[in-house]
Amino acid sequence: MDARDILREAASRPATEAKALVNTLPTGALNAHAGGHTNSIAWLLWHAGRQMDVQLAQLNGEPQVWHSQGFDSRFNLGKLGATVGYGHTAEQARAVVVEDAALLVEYLGATTAALSEYIAGLSEADLDDVIDTSWTPHVTRGVRLVSMIDDAAQHMGQAAYAAGILASADGSEGAA
């Protein structure tokens, strides 16, 4: 197994986790704010997809999945949907309300599929290309891919944790 295979496997995990998670959510949990936190499970899943989508479009020069597959209109978040979530105010984060868990899973699946396809087209040498010199050390394509996948994985963990809090609050078992 080479590095690209490992990256593709890791890239697939957030969508798989999201699908399993939404099937265990208590009623009303998707847009609830566990412990009063600003980010709902819906925001966490949306952000996991958006950050990968936007960064992938920067890497591959292709349109974002958000636009090319019509998720922008399906989510109906207006201008807020064009953002990624970084730097959202509490008000903006709370305004990301999505009632359709399947739509969140579909979007995350589409972004991870696009990411996996992109990775499949790379050579091992492509992973060493410096793509951002504004950081020290400079960021390579491989490092950026790991960062994108890691961000999504962390947000999936946060969503699972929030689901557990919400499930215990309503007496359900919740996700493990």
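Since this is a predicted model, take the numbers as computed values, not measurements. (Residues numbered from 1 in each chain as written. Predicted model: local features only at pLDDT ≥ 70, side-chain atom pairs only at ≥ 80, totals over all residues. Heavy atoms only, no water.)

1. Remarks on the pattern of salt bridges
Enumeration according to the criterion identifies 6 salt bridges in this entry. Measuring nitrogen to oxygen at the nearest pair gives 2.5 Å for the salt bridge that ties arginine 4 to aspartate 2. Assessed through its relative accessible area of 21%, arginine 4 is described here as partly exposed. Overall, aspartate 2 belongs to the partly exposed group, its relative accessible area being 22%. (Salt bridge = Lys/Arg side-chain N within 4 Å of Asp/Glu carboxyl O. Buried < 20%, exposed > 50% of the residue type's maximum accessible area, 1.4 Å probe, protein only.)

2. Description of the packing of aromatic side chains
Describing an aromatic ring pair means giving the distance of the ring centres and the angle of the ring planes. The final tally for this structure, using the stated rule, is 6 aromatic pairs. Here the aromatic rings of tryptophan 43 and tryptophan 46 are separated by 6.3 Å at their centres, their planes lie at 55°, and the arrangement is tilted. One end of the pair, tryptophan 43, and the other, tryptophan 46, are both in helix α2 (residues 41-60), 3 residues apart, so they sit about a helical turn from each other. This pair shows no difference in class: tryptophan 43 is buried, exactly as tryptophan 46 is. (Phe/Tyr/Trp six-rings, centres within 6.5 Å; stacked < 30°, edge-to-face > 60°. Helix = DSSP H or I, 4+ residues; strand = E, 2+ residues; numbered from the N terminus.)

3. Topic: the nonpolar core
Membership of the largest hydrophobic core comes to 50 residues, with the highest contact counts inside it found for Ile41, Leu45, Phe75, Leu115 and Leu145. Where this core is concerned, the elements lending two or more residues are α1 (3-22), α2, α3 (65-68), α4 (71-75), α6 (101-120) and α7 (141-169). (Core = buried A, V, L, I, M, F, W, Y, C linked by side-chain atoms within 4.5 Å.)

4. Observations regarding unusual backbone geometry
The omega angle of the peptide bond from threonine 136 to proline 137 is 0°, so this bond is cis rather than trans. The backbone of asparagine 76 sits at a positive phi, close to 55°, despite the residue not being glycine.

5. Brief notes about the side chain of glutamine 64
Among the structural elements, glutamine 64 can be located in the loop between α2 and α3. Assessed through its relative accessible area of 18%, glutamine 64 is described here as buried. Setting aside anything within four residues of it in sequence, one finds glutamine 64 in contact with Arg50, Asp53, Val54 and Ala57. (Contact = heavy atoms within 4.5 Å.)

6. Quick notes on α1
Taking 1.5 Å of rise per residue, 20 residues should cover 28 Å, and α1 covers 30 Å from first to last C-alpha, within 8% of that figure. Maximum bend of α1: about 25°, positioned at arginine 13, with proline proline 14 one to four residues after it. Residues Leu7, Ala11, Pro14, Ala15, Ala18, Leu21 and Val22 constitute the buried set of α1. Each element contacted by the buried residues of α1 is listed here: α2, α6 and α7. (Expected span 1.5 Å × (residues − 1). Bend = angle between axes of the 7 residues up to and from the residue.)

7. Some words on the layout of surface pockets
A volume near 210 Å³ is recorded for the largest pocket. Taken together, Gln51, Gln55, Tyr86, Trp135, Pro137, His138, Val139, Thr140, Val143, Arg144, Ser147 and Asp151 make up the lining of the largest pocket. For the lining of the largest pocket, the secondary-structure elements that each account for two or more residues are α2, β2 (139-140) and α7. When residues of the lining of the largest pocket are assigned to their parent elements, the largest contribution, 4 residues, is made by α7. Broken down by class, the residue content of the lining of the largest pocket amounts to 5 nonpolar, 5 polar and 2 charged. Of the volumes computed, that of the second largest pocket is approximately 170 Å³. In terms of lining residues, the second largest pocket is bounded by 13 residues, among which Leu56, Asn60, Glu62, Pro63 and Ala114 are the most central. For the lining of the second largest pocket, the elements supplying multiple residues, two or more each, are α2, α3 and α6. When residues of the lining of the second largest pocket are assigned to their parent elements, the largest contribution, 4 residues, is made by α2. Residue composition of the lining of the second largest pocket, grouped by class: 6 nonpolar, 4 polar and 3 charged. (1 Å grid on protein atoms, 1.4 Å probe; cavity = no way out; pocket = protein on both sides within 12 Å on 5 of 7 lines; lining within 4 Å. Points joined across faces, edges and corners; volume = space filled by probe spheres on them. Nonpolar A, V, L, I, M, F, W, Y, C, P; charged D, E, K, R; others polar.)

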